[in-house]
Number of protein chains: 2
Amino acid sequence: MTEMRRAAFVAVGSELLRAQRLDTNSLLAARLAGNCGFSFVEKRAIEDDVEAIARAVGELAARVELVVVSGGLGPTADDVTREGVAQAFGLGIARMAALEGALEARFRRSGRTMPAIAARMADIIEGAEVLPNPQGTAPGQLLQVGGCTLVLLPGVPRELETIFATHLLPRFASAARVATRTLHLAGVYESAVEERVSHLYEKYGRERITILAGRGLVDLVLMAQGAECADVVAAMEKDFASIAGDDLFGCDRDTLPAVALAAVRLRGWRLATAESCTGGMVGAQLTTVPGASDVYVGGVVAYSNELKQTLLGIDGDAIATHGAVSREVAEAMAVGATRLGAECAIAVTGVAGPGGGTEAKPVGTVHIAVITPAGRRHVQQRFPGDRAFIRELTANVAIDQLRRALLEA
Amino acid sequence: MTEMRRAAFVAVGSELLRAQRLDTNSLLAARLAGNCGFSFVEKRAIEDDVEAIARAVGELAARVELVVVSGGLGPTADDVTREGVAQAFGLGIARMAALEGALEARFRRSGRTMPAIAARMADIIEGAEVLPNPQGTAPGQLLQVGGCTLVLLPGVPRELETIFATHLLPRFASAARVATRTLHLAGVYESAVEERVSHLYEKYGRERITILAGRGLVDLVLMAQGAECADVVAAMEKDFASIAGDDLFGCDRDTLPAVALAAVRLRGWRLATAESCTGGMVGAQLTTVPGASDVYVGGVVAYSNELKQTLLGIDGDAIATHGAVSREVAEAMAVGATRLGAECAIAVTGVAGPGGGTEAKPVGTVHIAVITPAGRRHVQQRFPGDRAFIRELTANVAIDQLRRALLEA
């Protein structure tokens, strides 16, 4: 396997340095650069300042093969990426008449007159190639300085992605030969996955495998390079999938709600929900999927015990005897949900905290019940973390329990 | 007003350079550093590599007064922040026997034997001050190099925040005299807010005011420095609040669901929801608030038209005549929700897309109805954006409509 080539990312924008906003373009750029055979060894966010930009690109260009700069290409006085990069390498800047004319025409087409300041977007660094921007006004620029390629892209994510995909992928990707595959697992902890796959680290190389985890979901990102990369990733996928077993629910762009709904749809069934501590999160997750309505009929947020009785038909004695957070009530909620006109149901009741915990049922205690025509499932969990974490974990595990019930069907 | 002092942030961790994960500690650190009178002029994410760490902290310490380094202080071979920082300044590292003993005792208390490798967490850079970590095992370290203070903190957010707040805020904050206030507005667009407050930029200075917007909510972050900072921020707050009027729903840690629920609670009323296109998101938002159960009884996710009829008692003819996405159906859903045992109700029906749009009711068409004993509200919106954006905007606007209805009460 060939090595990944070293790249760096610079996000220009003073607003990215405060407590309220993060650069996220670097995720997009990391994926696109990865497809070109580059991996980031450093990312920076810096101020809208000529000196700061010049220093950053100068330092990075001396030790990586690709520097991607995002932002600061617009028309306002704050937009000084062109000036900073030019200064770093002692290059001039010239206004391209043809580009200025195209900008004017673009403004005219949308019924506006181009403000004089907008002509700055036609300023091109000496020796740079113009990368047209079909999604916006400011074009990108590509510059070769010694052994380093510098790419200046607009900060608007859609524009950055389009220019990268249109102009840079074709240039780099065929030479790079990179293949990746992301396997999605549910209902497992990162540490357990790590233990199960550790012997494959030696076979394929630790640096080809990334484990990412959060809220009951674990992703295995597999990567290979070189002429055989597609075959290598296919072999890796087979090995990892066989170890993951039923914990594996999909790959790449699959999501847990979409996979679970597809399994219900496949059998011609419908699904309803009955939620207490999650307050609607299970329904909200399921309906992130476009077209969910042909499978998911809806459900009840039975936050109060009264609604558990009136809408789900749960016996008040059952609640009094076992408590609202109990296996009995979870299962009765699931039965009640099926009566809404669905063959399948997910029901959730638990103590999300911070209040409401007892010694017998501390904060984090959750009961999940699933009904399908093929069988029923119940799990009791004691989840760690705060209210938000417990609720997210509960919603994910609940949808995963439906998926597992349908695997058995 | 005194100027903010220049600081930089370095996140150590190779996993932060890939396409799947962002450093978010820098947001936490920016807020805490801001309270100490520092503002970040640069943020970096770098690899778990001694040379990379040494280069970054060396470069930054030469031109800022505070460098915050996050991560790489744990026990594993990847954790090389100590070594990198020591190398940058030609300093030695020594294992502190007292700290090693404390680590061993900590492991013993939790019934484990300390692995030999964990003793690395007792390695302290020559001349550094140990910053005890009450939340975890790896302590922080503080180092003065020339005119720069270097602070090494664990990458676990809770540990980073606790050490910063315990050891650094008292040291820096009294000298800094910084006051901030965040005003939260709902139901308005960023551009409209910007226009309304623009004359205050001149009065207080553009750099003291940050406008942040997203999904129907706008935050105004106000900041002042110097001996009079508390008075200045109070004066700013008064001016901005008077312009914001009823759009202002709270400040600092207030959230829209918490404010809306508190308004219902104040009057001794209860609240129910009836949701279609949001699929449970309104309920999920409301129940992010601890203690929501004394006000929010729950509701119905009436995703199918059948459930709109059976659970909310909506006339099938009304749906046939006006369509499920209509003022009539939204208002009937709200009436149905009050029958679940609540004086107040929020109801939502809309076309979230990508499918389901028509010429008369394109994707983004949403009807929101609110009932309270004090009066009813209805809004029809045509929201821009994709499915996820439309749904989030709808949930926020719906909860804001309840808040506005109660303002009038």
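Since the structure is predicted, the reported quantities are computational estimates derived from the model, not experimental observations.

1. Quick notes on the overall build of chain A
A tally of regular secondary structure across chain A gives 13 helices and 17 strands. Dimensions of chain A, computed from C-alpha atoms along their principal axes, come out at roughly 80 × 55 × 40 Å. Relative to its 409 residues, chain A shows a buried fraction of 47%. Within chain A, counting contacts between residues at least 6 apart in sequence, those at least 24 apart form 69% of the total.

2. Digging into the relation of the copies chain A and chain B
Mapping chain A onto chain B leaves a residual RMSD of 0.7 Å; the transformation is a rotation of 180 degrees accompanied by 0.7 Å of translation along its axis. As the rotation angle and translation indicate, the two copies are arranged about a two-fold axis. Here 100% of the interface residues in chain A have copies in chain B that are interface residues too; the copies meet face to matching face.

3. As for the sheet that holds strand S15 (residues 344-350) of chain A
Read from one edge of the open sheet, 10 strands run S17(A)-S16(A)-S15(A)-S13(A)-S14(A)-S14(B)-S13(B)-S15(B)-S16(B)-S17(B), paired in mixed fashion. This sheet does not close on itself; its edge strands, each paired only once, are strand S17 (375-382) of chain A together with strand S17 (375-382) of chain B. On average, each strand axis in the sheet is inclined to that of its neighbour by 10 degrees, with strand direction left out of account. Across the sheet, helix H12 (residues 327-338) of chain A is in contact with strand S13 (271-275), strand S14 (296-302), S15, strand S16 (365-372) and S17 of chain A; its angle to S16 of chain A comes to roughly 35 degrees.

4. Re the interface of chain A and chain B
On the chain B side, the residues contacting the 54 residues of chain A number 54 residues. Counting only elements with at least two residues in the side of chain A that touches chain B, the list comes to helix H1 (25-35), strand S2 (38-46), strand S10 (209-214), helix H9 (281-286), S14, helix H10 (305-310) and helix H13 (387-408) of chain A. Relative to strand S2 (residues 38-46) of chain B, S2 of chain A runs antiparallel, the two being bridged by five bridges. In the strand pairing of S2 of chain B, Ile46 of chain A is matched with Glu42 of chain B.

5. Overview of the nonpolar core
Generally speaking, nonpolar side chains in soluble globular proteins are found buried as a group. Membership of the largest hydrophobic core comes to 153 residues, with the highest contact counts inside it found for Met333, Ala337 and Ala345 of chain A together with Met333, Ala337 and Ala345 of chain B. If you look at the next biggest cluster of nonpolar residues, it comprises 108 residues, including Leu103, Cys148 and Phe164 of chain A together with Ala7 of chain B.

6. Remarks on the domain arrangement of chain A
Domain assignment breaks chain A into domain 1 (5-176), domain 2 (178-251) and domain 3 (256-408). Computed from C-alpha atoms alone, the centre-to-centre distance between domain 1 of chain A and domain 3 of chain A is 48 Å.

7. A closer look at the sheet that holds strand S6 (residues 129-131) of chain B
Read across the open sheet, the 12 strands follow the order S6(A)-S7(A)-S8(A)-S3(A)-S1(A)-S2(A)-S2(B)-S1(B)-S3(B)-S8(B)-S7(B)-S6(B); overall the sheet is mixed. If you trace the sheet from one side to the other, it starts and ends with strand S6 (129-131) of chain A together with S6 of chain B, each paired once. The sheet shows a mean angle of 20 degrees between the axes of neighbouring strands, direction not considered. Sheet topology note: the strand S1 (residues 5-12) of chain A/S2 of chain A ladder contains eight bridges and is parallel. For Phe9 of chain A, the partnering residue across the bridge sits in S2 of chain A and is Lys43 of chain A.

8. Describing the environment of Lys238 of chain B
Residue and element names in this part refer to chain B. Looking at the element boundaries, Lys238 is found in helix H7 (residues 229-244). Using a count of 9 C-beta atoms within 10 Å as the deciding quantity, one classes Lys238 as exposed. When the C-alpha atoms of Lys238 and Leu169 are compared, they prove to be 27 Å apart, with 69 residues separating the residues in sequence.

9. What to know about the confidence of the model for chain A
With 99% of its residues at a pLDDT of at least 70, chain A reaches an overall mean of 92. What the predictor reports for the complex is a pTM of 0.80 with an ipTM of 0.79.

10. Remarks on unusual backbone geometry
A cis amide bond links Gly353 of chain A with the next residue in sequence, Pro354 of chain A, at an omega value of 0 degrees. You can see Pro354 of chain A is positioned in the loop between S15 and S16. Unlike most non-glycine residues, Asp252 of chain B shows phi in positive territory, near 50 degrees. Here Asp252 of chain B shows up in the loop between strand S12 (248-251) and helix H8 (256-266).

11. Brief notes about helix H3 (residues 81-88) of chain B
Residue and element names in this part refer to chain B. The buried fraction of H3 is high, at six of eight residues. Buried within H3 are the following residues: Thr81, Arg82, Gly84, Val85, Ala86 and Ala88. The positive-phi residue at the C-terminal boundary of H3 is Gly90, with phi of around 65 degrees.

12. Brief notes about helix H12 (residues 327-338) of chain B
The end-to-end C-alpha separation of H12 of chain B is 17 Å, in line with the 16 Å expected for 12 residues at 1.5 Å each. Every buried residue of H12 of chain B is accounted for by Val329, Ala330, Glu331, Ala332, Met333, Ala334, Gly336 and Ala337 of chain B.

13. Quick notes on the packing of H8 of chain B against helix H13 (residues 387-408) of chain B
All names here are of chain B. Packing of H8 against H13 brings their axes to within 9 Å, and their N-to-C directions diverge by 35 degrees. Of the two possible hands of crossing, H8 and H13 adopt the one that is left-handed. From H8, Leu256, Pro257, Val259, Ala260, Ala263 and Val264 reach across to H13, where they touch Asn396, Ile399, Asp400, Leu402, Arg403 and Leu406. Its residues assigned to classes, the contact of H8 with H13 comprises nine nonpolar, one polar and two charged.

14. A word on the environment of Ala138 of chain B
All names here are of chain B. For Ala138, the position within the fold is in the loop between S6 and strand S7 (140-145). In this structure Ala138 comes out as buried when scored by C-beta crowding, with 26 C-beta atoms within 10 Å. Residues Ala138 and Leu153, 15 residues apart in the sequence, show an inter-C-alpha distance of 8.6 Å. Apart from the residues lying within four places of it in its own chain, the contact partners of Ala138 are Leu73, Gly74, Met121, Asn133 and Pro154.

15. Let's talk about the environment of Gly350 of chain B
Residue and element names in this part refer to chain B. Tracing the sequence through the fold places Gly350 in strand S15 (residues 344-350). In the structure, Gly350 is positioned 273 residues away from Ala77 in sequence and 53 Å away in space, judged by C-alpha atoms. When near neighbours in sequence (up to four residues on either side) are disregarded, Gly350 contacts Ser276, Cys277, Val325, Thr365, Val366, His367 and Thr394.

What counts and what doesn't
Residues numbered from 1 in each chain as written. Chains lettered and ligands numbered in written order. Predicted model: local features only at pLDDT ≥ 70, side-chain atom pairs only at ≥ 80, totals over all residues. Helix = DSSP H or I, 4+ residues; strand = E, 2+ residues; numbered from the N terminus. Buried ≥ 20, exposed ≤ 12 C-beta atoms within 10 Å, placed from the backbone. Contact = placed C-beta atoms within 7 Å. Least-squares fit on C-alpha atoms with pLDDT ≥ 70 in both. Pairing = 2+ DSSP bridges. Axes fitted to C-alpha atoms, helices over the stretch in contact; angles between N-to-C directions. Core = buried A, V, L, I, M, F, W, Y, C linked by C-beta atoms within 7 Å. Domains from an automatic or database assignment. pLDDT = per-residue confidence, 0-100. Expected span 1.5 Å × (residues − 1). Left-handed = near helix turned anticlockwise from the far one by under 90°. Nonpolar A, V, L, I, M, F, W, Y, C, P; charged D, E, K, R; others polar.

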